[in-house]
Amino acid sequence: MRESDSRRWGTIGVFCIFALGLGLGWGGASIWMTHALRDRDAADVDVARSRLEAEEMRLLDLDPGQRERFLEAKHEVYGEIRRVLGRNRPEIEGILRRGDVKIRPMLSPRQLAVYDRLEARYRLSLPERPAGADD
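Attention here is on the structure that accompanies the text.

**Section: the layout of surface pockets**
- Empty space within the largest pocket amounts to approximately 270 Å³.
- Contributing to the lining of the largest pocket are 13 residues, with Val 45, Arg 82, Leu 85, Ser 125 and Pro 127 lying nearest its centre.
- Broken down by secondary-structure element, the contributors of at least two residues to the lining of the largest pocket are helix 2 (45-60), helix 3 (64-87) and helix 5 (109-125).
- Considering every element that reaches the lining of the largest pocket, the biggest residue donor is helix 3, with four residues.
- Looking at the lining of the largest pocket, its residues break down into eight nonpolar, one polar and four charged.

**Some words on the packing of helix 3 against helix 4 (residues 89-103)**
- Interhelical geometry of helix 3 versus helix 4 gives an angle of 65 degrees and a closest axis separation of 4 Å. Taken together, the axes of helix 3 and helix 4 are roughly perpendicular relative to one another. Facing helix 3, whose interface residues are Leu 85, Gly 86 and Arg 87, helix 4 presents Arg 89, Pro 90 and Ile 92.
- The residue makeup of the contact of helix 3 with helix 4, split by class, is three nonpolar, one polar and two charged.

**What about the packing of helix 2 against helix 3?**
- Running from N to C, helix 2 and helix 3 point in directions that differ by 140 degrees, and their axes come no closer than 11 Å. The pairing of helix 2 with helix 3 is recorded here as oblique in orientation. Where helix 2 crosses over helix 3, the two elements pack in a sense that is right-handed. When helix 2 is examined against helix 3, the residues Arg 49, Glu 53, Glu 56, Met 57 and Leu 60 are found in contact with a partner set consisting of Arg 67, Phe 70, Leu 71, Lys 74, His 75 and Tyr 78.
- For the contact of helix 2 with helix 3, the residue count by class is five nonpolar, one polar and five charged.

What counts, and at which threshold
- Residues numbered from 1 in each chain as written.
- Predicted model: local features only at pLDDT ≥ 70, side-chain atom pairs only at ≥ 80, totals over all residues.
- Heavy atoms only, no water.
- 1 Å grid on protein atoms, 1.4 Å probe; cavity = no way out; pocket = protein on both sides within 12 Å on 5 of 7 lines; lining within 4 Å.
- Points joined across faces, edges and corners; volume = space filled by probe spheres on them.
- Helix = DSSP H or I, 4+ residues; strand = E, 2+ residues; numbered from the N terminus.
- Nonpolar A, V, L, I, M, F, W, Y, C, P; charged D, E, K, R; others polar.
- Axes fitted to C-alpha atoms, helices over the stretch in contact; angles between N-to-C directions.
- Parallel < 35°, antiparallel > 145°, perpendicular 65-115°, else oblique.
- Contact = heavy atoms within 4.5 Å.
- Left-handed = near helix turned anticlockwise from the far one by under 90°.

Interpretation in functional terms is not warranted from these geometric data alone.
Below is the structure:
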């Protein structure tokens, strides 16, 4: 009877160690992925765009020549988009101000400080209005 009891406790011990290792591994991987996703989401728009371009090129299975032409075309398109957004910057600012009027009253002082920091970073990422764009 003593041998079966020690064998049972040994099996329970091995199971507990396995479960503990599994839990620690799972928790560590979850924390690592949370940090990785936060870093990715906080990245600059250009970093996110280049990550998206790389994924598109991978899915399209482009050869090196196609990749070069693809990137040239994408950068030209993004330059045009930035130019149009810059030309419309006053209108975009007005839209953002109207959104602020609706959002700011619902936030606590702590949330308002975070919101102001996020909005300032977002507005800095908007393209500047080009000189002579008074059309």
